[in-house]
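Coordinate inspection notes
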Amino acid sequence: MTTITLRLSDLVIMAPECILLLGVVVLTLADLWMKSSRTSIGIGALVVLCGALAAAVVQLVQETDATVLFGAYEADAFSSLCKIVLLLAACGVLGIAIGTPNETHAVGEMYTLYIPALMGAMLLVSSREWMTTYVALELLTISTIVLIGMRRAAIGKEAAMKLIVLGGVSSAFLLYGISFLYGCTGTTYYEVMASRLDMGQDASLITIAFVMIVASIAVKIALVPFHAWALDVGAGAVVPVAAFLSVVSKLAAIILLWRVCVDVLFPHAADVVVDVLFVLVCVSLVVAHVLALRQVTLLRLFAVSGIAHAALLLVPLIASGTRPDVDAWTIWLYYAVAYVLMNVGAFAAISLTHTTGTQPHVHQFAGLVYRAPWTAVAIVCIVLSLAGLPVSAGFFGKLFILLDALSQREGTAGIVLAALIVVGTVISFAYYFRIVRQMFWRPEGPVPPSSVRTRWFAQTVLWGSALGSVALGCAPGWLMELLAQLIAHTVVS
Amino acid sequence: MDFVASAWMVPMLSLLAFGVVIMIGERGKAWTPIGSTIVSGVAAIFACCVWVQQWQERSSYTWAEWRWLTMGDWPVQFGYEVQSLTACMLVIVTMIGALVQLYALSYMRDDGRKTTFFAYISLFTCSMCGLVLSPNLLQLFIFWELVGLCSFLLIGFWFTKPAAREAARKAFLLTRIGDVGLLIGLFVLYHAMPNNSLALIDVHNAVQNGVIPEHTVTLVALLLFFGAMGKSGQVPLHTWLPDAMEGPTPISALIHAATMVAAGVFLVSRTYDVFLASSTALLIVAIIGAVTAVLGAVAALVQRDLKRILAYSTVSQLGLMMCTLGMGTQAALIAALLHLLTHACFKALLFLAAGRVIHTVHQQDIEELGGVRNVLPWTTGAFAIGALALAGMVPLSGFWSKEALFAVLLQGGAVWVTTALCVSALTAMYMTRAFVRVFLGTLRQKNVRASRDIPMGVPLGALAVGAIAIGWPPMFARLGAQLGEGYPHTPAWLVATSLGVVVMGIAVAAYVVRPRVIVASTRARQPSRKKVVPQRRFSGTGARVASILRVAVWDWVYRNGVVRPFQAFSRGMAQLDQTLVRACTEGIGTCTVLIGKLASRAHVGQLHVYGIWSLWGIVALLCFVLWKKV
Amino acid sequence: MTQTMTAYVLLAALLFVLGLYGVLTRREPIVVLLCVEVMLQAVALNVLAFAKYGGFEDVTGHVFVLFILAVSAAEVAVGVAVFLALVRQRGVDDVVKLDTLHAERQEE
């Protein structure tokens, strides 16, 4: 029997996560022992994230491709890229958090708790084994629940309660599905499980387990009809936490779904799983867009529109059918980057214009162009990207996804998807341009001019996202080629 | 200097003006509008040089080196293409753009957001030039969206007026519906093209060689035309165009009369090979164009707002161009484009003249106007030239382009040319009505004073000269020759008929719509607001006695036999337009919002309800999967 | 052997459904949390049954159960903390009353 030892070289492979772990311990202790100010803890958290980011970039450049813990954790180019995207998103969220007045009971935890949550998300990306996946998922969920529940207003606790119960039930369903797969194969590793599953013998049991797994991950992504919690929880959280939920948690869950589908589900029941996902995506696209039309509470609006974007992010997976090729992965990553940029930017805009103690409402943008013209310009860039108008990252992201859906999927399925995306985009103009209308065409709103404070961190995040969206729109080819180059050998091998 | 090869300078100049004006902002409101106007003037002169050089060398020049991104196998290369059509369009866009900016210097003088206005116009001119110069359909689509955005911003420029906000929203959504059709068309084309290329030249070759199957070509043509319908205000997507008149009048002249709304016709012309390959698509284009032409003309006849009359007239004329394009010959292309050019010129003239009237009298309801001739004699002349050109009176430019249209339509069939002649008669009628009501008669408003206004006068003069000069036969024939071979020749009888129809239209309208002269004794009798064509009034006691017989017999017959039924018909058509067509286009939006409301209400916030939804979701998925398996 | 396993799996399924029923019908937050725990322990039972009687030669299943226990303990700890905070702040002890989030003005 081999002895299990964790060597130092293994820790190097897991460097991004290790840095986060070290960082969170140091920061928590510093918060306890030193009378440090709120901002300094926030900046410390930002430094930790940057360290992890640097580690991930180094791994990407060195083309690290290794597994540790008997293959339970894998670091390859694709997961490094995903981690970089998640880390960038988390940096944006932290920037928003530092720039937002504190509305919670906590002081330092408001920043340090993002780190374990992010660690869960990153482990989820690299995990190739169900136990690791489960622990990572719960690490992400529980840390997020605490972040939500720390809001001083009672709605925060209400939202946390809802997420605990519904998240717990979905975890139970996930585990129940996994337990049957374990019962059929006796292993929890993706690859071994995929090779041992026998569709001939226990077809219906495996299929039911697959559906349970897909459905419970769909709860985490908030696909319709498993979406209802996302609206309430999004509205109950403070702005930066809502941003974290809608960007980092959602992306991590989508990556998990991709990984599970490609490694375990598709080799055995590609047709069934693709059909299930197809139904979920179509329903989500329709319901999310229609639902968003009437939302004026900004956090609800973005929770709902996030559902539509998440559905879009699953389209390349459905289109590819069995095994996504380099193109599908590239398109997915491009839209993921675009999604991070525009959503983080949108939440930064909400945070910048928001008066403490109220629920963010679309009226807070009223007449913004007269109070803060440059902020308004940046917000317009982000809204263009969200609505998918040229020239922006969102436009090309949608364009690539549409073309992929049409070219990969023959027959009606591709056309239905494309039609739904296009119609949804048209509907989305109506609700996204409500923000632009408020900014340009309404007299100054109830918010006094001084409320747009010079919050440098949030401003930087806003401008970074706005310029990033425009730059990606101006030179989409550059990023596409870079991404394709980076992940080519991972996917082929 | 090789002007053709450096045509990229034209949009770049406008972009530069936009950038500088927006950067300086309100601080430079004394001089940035003037600077912007000068830059646009330079751009216009540059465009003229491009045009002249293209004319002399008859060369087309394409530069598409900047590789932007790779879509499938096709490297999307951005660049520009100069050929006869784009050169002409470039001149029209920049010329009218420059004149409108000059005009706006005076028109918008007291507006608080003057610099924003000039920045938007510069951005629009830049995007429109980009659209015109695009060598491939993807680049064209991007600029297509940009001009739509500018149009949206400028219609809603006076956003404190609720009507302007509503109009902008409507224009945005309705044109977006068309744009989505266009986008789908591009996808289908991208899919169908052998090398996934959307470059216009590749599309041309592919369709000519018959690589693309017949039904796909039809589908692509119809979808492209759907996009053009949204932009060019074809029935049933036209309702936004009359409402767009809530924007400032210079904008109506530039965007909603001369350039942007013509982009639909331009698109069809640029992709004419696709249409030529599908007879079904051509027929649909012709039918929709004809319906639009008639409906627009009839609606223009019963409008009271001067700008709305002109807007419906634009709808009608664009319909005429589309109808001509539907004939599917090379001559049809040339005729439609010639009409596009002349129409841009005289319609901009009409709008600017109308703007001058509105700016001076502060009234745009033609039933409340009258006698403007006495205050603005030169503007009256300019409007008259524009109106006669629009009606198609010899020897103005409109006459020649309409003759070309008639010749093509005659080849297409008797029904088309008859429709076009009817539209021509109606055009003469509504323009006469507008002219008589606005300029003749007695001025009702008091204290109206018009000062000499050079920034407003120069564009009017220049466009009036243009409306006459383009019609100068050698000039016109050469223009036709520049656009391509096969300039259509009209038989003499048709020329005579069309002129007769125009004269008859003017005469009938002049007979029915008399100038409203308010004599001191009858001043108390204000005209009834409800009557669209009011009672005739006679001045002087002598005339009154002499006309008793006429009033009793002839007028009765005339009114009840001709005017009333015709009015009823016009009103009916206008009503149809108002209710049915609007209900169709706007009902969809309302329904969606309603469903959204219901869906939103369903989220009651209860944990149990959400849990049960999720449970049902899983059960439904399981049933679906098991059903699939079995 | 197989019969024993089937019995355990059926028992686990029963527990799972019972827990689900409890989550969807009970109104006391603590009981709802307990019902979530029942669902998770049903899964643990299922995994154990497979590990013990499934004929596999390793301890993966047993380890998995330990992980499930540990993580669900953490989850319920957070749940109880949130519940206590809710009771203190708003005096709510009924899941049905947790619906203020939709009541805010969400429509134009």
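Residues numbered from 1 in each chain as written. Chains lettered and ligands numbered in written order. Predicted model: local features only at pLDDT ≥ 70, side-chain atom pairs only at ≥ 80, totals over all residues. Heavy atoms only, no water.

Details of the overall build of chain C
Of the regular secondary structure elements, chain C holds four helices and zero strands. Rg of the C-alpha trace for chain C: 18 Å, well past the compact-globule value of 13 Å for 108 residues, more than 25% over. Structurally, chain C occupies a C-alpha span of about 60 × 30 × 25 Å along its principal axes. The buried share of chain C, reckoned over its 108 residues, is 43%. Residue pairs at least 24 apart in sequence account for 61% of intrachain contacts in chain C once pairs closer than 6 positions are excluded. About 5500 Å² of surface is accessible on chain C, with carbon and sulfur atoms providing 68% of the total. Between the mean site of the 7 positive side-chain charges and the mean site of the 11 negative ones, chain C shows a separation of 8 Å. (Helix = DSSP H or I, 4+ residues; strand = E, 2+ residues; numbered from the N terminus. Rg over C-alpha atoms; globule rule 2.2 N^0.38 Å. Buried < 20%, exposed > 50% of the residue type's maximum accessible area, 1.4 Å probe, protein only. Contact = heavy atoms within 4.5 Å. Areas by Shrake-Rupley, 256 points an atom, 1.4 Å probe, with all protein chains shown as cover. Lys, Arg positive; Asp, Glu negative; His and termini not counted. Charge placed at Lys NZ, Arg CZ, Asp CG, Glu CD.)

Points about the overall build of chain A
What chain A contains, in helices and strands, is 20 helices and two strands. Relative to the globule expectation of 23 Å for 493 residues, the C-alpha radius of gyration of chain A, 22 Å, shows essentially globular dimensions. Each of the three principal axes of chain A carries a C-alpha extent, and together these read 70 × 60 × 40 Å. Pairs at least 24 apart in sequence give 81% of the contacts found in chain A among residues at least 6 apart. Entry remark: accessible area of chain A is about 14200 Å², with carbon and sulfur atoms responsible for 70%.

What about the nonpolar core?
Residues Phe302(A), Trp332(A) and Phe275(B) are the most contacted members of the largest nonpolar core, which totals 458 residues. Apart from the residues within four sequence positions on either side, Phe302(A) is in contact with Ala346(A), Phe347(A), Ile350(A), Leu386(A), Tyr432(A) and Ile435(A). (Core = buried A, V, L, I, M, F, W, Y, C linked by side-chain atoms within 4.5 Å.)

Observations regarding the packing of aromatic side chains
By the definition in use, this model includes 30 aromatic pairs over all chains. Residues Phe180(A) and Phe50(C) carry aromatic rings whose centres are separated by 6.0 Å and whose planes lie at 65° to one another, so their mutual orientation is edge-to-face. Of the two residues, Phe180(A) is situated in helix 8 (residues 154-185) and Phe50(C) in helix 2 (residues 29-53); the pairing between them involves two chains. Taken as a pair, Phe180(A) and Phe50(C) share a single burial class, namely buried. With 5.8 Å between their ring centres and 15° between their planes, Tyr8(C) and Tyr53(C) make a pair best called stacked. One end of the pair, Tyr8(C), is in helix 1 (residues 2-25); the other, Tyr53(C), is in helix 2, with 45 residues separating them in the sequence. Aromatic rings pair up to connect Phe173(A), Tyr176(A), Phe180(A), Phe16(C) and Phe50(C) into one cluster. Here the basic side chain of Arg113(B) rests over the ring of Phe157(B), its NZ or CZ set 4.5 Å away from the ring centre. (Phe/Tyr/Trp six-rings, centres within 6.5 Å; stacked < 30°, edge-to-face > 60°. Lys NZ or Arg CZ within 6 Å of the ring centre and 35° of its normal.)

A closer look at the side chain of Ser614(B)
Following the sequence through the fold, Ser614(B) ends up in helix 25 (residues 607-629). In this structure, Ser614(B) is in contact with Pro225(A) and Phe226(A), ignoring residues within four places of it in sequence.

Some thoughts on helix 19 (residues 456-474) of chain A
Across its 19 residues, helix 19 of chain A extends 26 Å between first and last C-alpha, which sits within 8% of the 27 Å expected from 1.5 Å per residue. Among the residues of helix 19 of chain A, Ala458(A), Gln459(A), Val461(A), Leu462(A), Ser465(A), Ala466(A), Gly468(A), Ser469(A), Leu472(A) and Gly473(A) are the ones counted as buried. (Expected span 1.5 Å × (residues − 1).)

Here we look at the state of the cysteines
Residue and element names in this part refer to chain B. The final tally for this structure, using the stated rule, is zero disulfides over all chains. Left without a disulfide partner, Cys48 is nearest to the cysteine sulfur of Cys49, which lies 6.9 Å away. The thiol of Cys150 is unpaired, and the distance to the nearest cysteine sulfur, on Cys126, comes to 8.5 Å. Cys150 gets classed as buried once you look at its relative accessible area, which sits at 2%. (Disulfide = S-S within 2.5 Å.)

Focus on the interface of chain C and chain A
Contacts between the two partners involve 47 residues from chain C, matched on the other side by 46 residues from chain A. Summed over both partners, the interface of chain C with chain A buries about 4100 Å², with 72% contributed by carbon and sulfur atoms. Linking chain C with chain A are one salt bridge, by the criterion used here. Here Arg90(C) and Glu158(A) are joined by a salt bridge, their closest N and O atoms 3.2 Å apart. (Buried area = accessible area lost by both parts, 1.4 Å probe. Salt bridge = Lys/Arg side-chain N within 4 Å of Asp/Glu carboxyl O.)

Some words on the pattern of salt bridges
Residues and elements named next belong to chain B. The final tally for this structure, using the stated rule, is 12 salt bridges over all chains. Linking Arg270 and Glu81 is a salt bridge whose minimum nitrogen-to-oxygen distance equals 3.4 Å. Taken as a pair, Arg270 in helix 11 (residues 263-270) and Glu81 in strand 2 (residues 74-82) lie far apart in primary sequence, 189 residues in all. For Arg270, a relative accessible area of 10% corresponds to the buried category.

Topic: the environment of Gly54(C)
Residues and elements named next belong to chain C. Tracing the chain through its elements places Gly54 in the loop between helix 2 and helix 3 (60-90). Using a relative accessible area of 28% as the deciding quantity, one classes Gly54 as partly exposed. Gly54 has contacts with Met5 and Ala49, leaving out every residue within four places of it along the chain.

Focus: the packing of helix 12 (residues 239-292) of chain A against helix 25 of chain B
Viewed as axis vectors pointing N to C, helix 12 of chain A and helix 25 of chain B meet at an angle of 135°, and their least axial separation amounts to 10 Å. In this view, helix 12 of chain A runs oblique relative to helix 25 of chain B, as classed from their interaxial angle. For the pair helix 12 of chain A and helix 25 of chain B, the sense of crossing is right-handed. Of the residues in helix 25 of chain B, those in contact with Val272(A), Asp275(A), Val276(A), Val279(A) and Leu280(A) of helix 12 of chain A are Leu621(B), Phe624(B), Val625(B), Lys628(B) and Lys629(B). Its residues assigned to classes, the contact of helix 12 of chain A with helix 25 of chain B comprises seven nonpolar, no polar and three charged. (Axes fitted to C-alpha atoms, helices over the stretch in contact; angles between N-to-C directions. Parallel < 35°, antiparallel > 145°, perpendicular 65-115°, else oblique. Left-handed = near helix turned anticlockwise from the far one by under 90°. Nonpolar A, V, L, I, M, F, W, Y, C, P; charged D, E, K, R; others polar.)

Section: helix 5 (residues 137-155) of chain B
Across its 19 residues, helix 5 of chain B extends 26 Å between first and last C-alpha, which sits within 8% of the 27 Å expected from 1.5 Å per residue. Between a side-chain oxygen at the N-terminus of helix 5 of chain B and the backbone nitrogen of Leu138(B) the separation is 3.0 Å; the capping residue is Asn136(B). (Polar contact = N/O pair within 3.5 Å; in protein donor to acceptor, adjacent residues only side chain to side chain.)

Considerations on the interface of chain C and chain B
A common measure of how large an interface is: the accessible area buried when the components associate. Opposite the 13 residues of chain C that make contact, chain B presents 12 residues. Our count for the chain C to chain B interface comes out at zero salt bridges. Between the two partners, chain C and chain B, sit one residue pair in polar contact (both at pLDDT 80 or more). Top contributing element to the side of chain C that touches chain B by residue count: helix 1 of chain C, with four residues. Residues of the side of chain C that touches chain B, tallied by class, amount to six nonpolar, three polar and four charged.

Overview of the environment of Val501(B)
All names here are of chain B. Tracing the chain through its elements places Val501 in helix 22 (residues 492-512). When the C-alpha atoms of Val501 and His256 are compared, they prove to be 28 Å apart, with 245 residues separating the residues in sequence. With residues near it in sequence (within four places) discarded, Val501 still touches Leu421, Ser424 and Ala425.

Looking at the packing of helix 18 (residues 397-412) of chain B against helix 19 (residues 414-439) of chain B
Each pair of packed helices can be described by the angle between their axes along with the distance between the axes. All names here are of chain B. Close contact between helix 18 and helix 19 brings their axes to 7 Å; oriented N to C, the two are set at 150°. Put simply, helix 18 runs roughly antiparallel to helix 19. The segment helix 18 lies against helix 19, with Lys402, Phe406, Leu409, Leu410 and Gly412 engaging Trp416, Val417, Ala420, Leu421, Ser424 and Thr427.

With respect to the confidence of the model for chain A
Chain-level statistics for chain A give a pLDDT mean of 87 and a share of 95% at 70 or above. Note that pLDDT drops below 50 for residues 448-454 of chain A; the model gives that stretch 11 contacts with residues more than four away or on any other chain. (pLDDT = per-residue confidence, 0-100.)

Some thoughts on unusual backbone geometry
Residue and element names in this part refer to chain A. Across the junction of Val224 and Pro225, the peptide omega takes the value 5°, indicating a cis bond. Topologically, Pro225 is positioned in the loop between helix 10 (203-221) and helix 11 (228-236). Phi angles above zero are rare outside glycine, and Phe70 is one such case at about 55°. Turning to its location among the elements, Phe70 is positioned in the loop between strand 1 (66-68) and strand 2 (73-75).

Quick notes on a nonpolar patch on the surface
Residue and element names in this part refer to chain A. Taken together, the side chains of Leu21, Val25, Leu29, Leu32, Trp33 and Met34 define a hydrophobic patch exposed on the protein surface, amounting to about 670 Å² of accessible area. One can find Leu29 in helix 2 (residues 15-33). Given the relative accessible area of 34%, Leu29 is considered partly exposed. (Patch = residues over 30% accessible without salt bridge, like charges linked within 9 Å, V, L, I, M, F, W, Y side chains within 5 Å.)

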